[in-house]
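# Descriptive analysis of the structure
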Amino acid sequence: MARSDLGCVMVAVDGSDESMNALRWALGNLNLRPSSEESRSSFVILHVQSPPSISVGLNPGAIPFGGPSDLEVPAFTAAIEAHQQRITQAILDHALKICAEKNVNVKTQVVVGDPKEKICEVAEKLHTDLLVMGCRPFGPIKRMFLGSVSNYCTNKAHCPVIIIKGSTTS
């Protein structure tokens, strides 16, 4: 695939330095095909939010001293969701600031779920020509328990995947 054949390049960002370096690399090294009336080329910045229960890792549980055990705490859930929205907006703002220097068509998308699965799902849904992502330097034990999002996507995505390691100078 020639560099100018790229109509949709998706960059997965999670706020880490590694993901932002991947975005810088993509913007500095990839050229999208010229846009036409029927096809608009774009960089898609994707952020995957973890579901609130997973991201917090706790449940308020039963109220002590005889309170109802199945009571939901809407304020607690709302506070978690509001906090996640602020984090997501900060990540996208940072990514868009990086993009502002380049004269490219950029779209953002946010989905909720397991990052490994959602990145691959969105890449397929958007008919992505190339997926670009960073790689966190996990040790072997952490990688064994957490898994590697980039490794999963390399094996499962329906498009070519470029993994950017370390810092970039673009």
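Once a new chain begins, its residue numbering starts again from 1 and follows that chain's sequence as written. Given that the model is predicted, a residue must reach a pLDDT of at least 70 before its local features are reported, and side-chain atom pairs must reach 80 or more before they are shown or counted; all residues, however, enter totals for whole chains, interfaces and linings. The basis for every side-chain value is the complete set of heavy atoms in the structure, and neither hydrogens nor water enter the calculation.

By the naming in an unreviewed UniProt entry, the protein is UspA domain-containing protein, taken from Trapa incisa.

## Details of the nonpolar core
Our working definition: In these notes, a set of buried Ala, Val, Leu, Ile, Met, Phe, Trp, Tyr and Cys residues joined through side-chain atoms within 4.5 Å is what counts as a nonpolar core. Note on classification: 1.4 Å probe, protein chains only; a residue is buried when its accessible area is under 20% of the maximum for its type, exposed when over 50%, partly exposed between these limits. Contacts are residue-level and defined by heavy atoms, with any inter-residue pair within 4.5 Å sufficient.
Ranked by size, the top nonpolar core spans 21 residues in total, and within it Val9, Val11, Leu23, Leu30, Phe43, Ile45 and Val132 carry the most contacts. Those residues within four positions of leucine 30 in sequence are excluded, and the remaining contacts are Leu6, Val9, Trp25, Phe43, Leu130 and Val132. Of all hydrophobic cores here, the second largest spans 16 residues; its members include Cys8, Ala12, Val44 and Cys120.

## Some thoughts on the pattern of salt bridges
Spelled out, the test is: By convention in these notes, a salt bridge is any Lys or Arg side-chain nitrogen within 4 Å of a carboxyl oxygen on Asp or Glu. In DSSP terms, a helix is any run of H or I states spanning at least four residues, a strand is any run of E spanning at least two, and both are numbered starting from the N terminus.
Counting across every chain of the model gives two salt bridges. For aspartate 129, the salt bridge goes to arginine 33, with nearest N and O atoms at 3.9 Å. Separated by 96 residues along the polypeptide, aspartate 129 in the loop between helix 4 (115-125) and strand 4 (130-134) and arginine 33 in the loop between helix 1 (17-29) and strand 2 (42-49) bring together distant segments of the chain. Look at aspartate 129 and you get buried, because its relative accessible area is 19%. The partly exposed category is assigned to arginine 33, whose relative accessible area is 33%. As a salt-bridge pair, glutamate 121 and lysine 118 come within 3.4 Å of each other at their nearest N and O atoms. Here glutamate 121 pairs with lysine 118, and both are found in helix 4, just three residues apart, close to one helical turn.

## Side note on the sheet that holds strand 5 (residues 161-164)
What counts here: A pair of strands is treated as paired once DSSP finds two or more bridges between them. Axis definition: a line fit to C-alpha positions, over the contact stretch in the case of helices; interaxial angles, taken between N-to-C directions, run 0 to 180 degrees.
Overall, parallel pairing links the five strands, which are arranged 3-2-1-4-5 in an open sheet. Lying at the two open borders of the sheet, with one neighbouring strand each, are strand 3 (106-112) and strand 5. Across the sheet, the mean angle from the axis of one strand to that of its neighbour is 25 degrees, orientation sign disregarded. In this sheet, strand 2 lies alongside strand 1 (residues 8-12) in parallel orientation, the contact comprising five bridges. Bridge assignment links valine 9 to a residue of strand 2, and that residue is phenylalanine 43. Here helix 3 (residues 74-100) sits on the sheet and contacts strand 2 and strand 3; the angle it forms with strand 2, its principal contact strand, is near 155 degrees. Contacts from helix 6 (residues 149-156) reach strand 4 and strand 5, with the element oriented near 165 degrees to strand 4.

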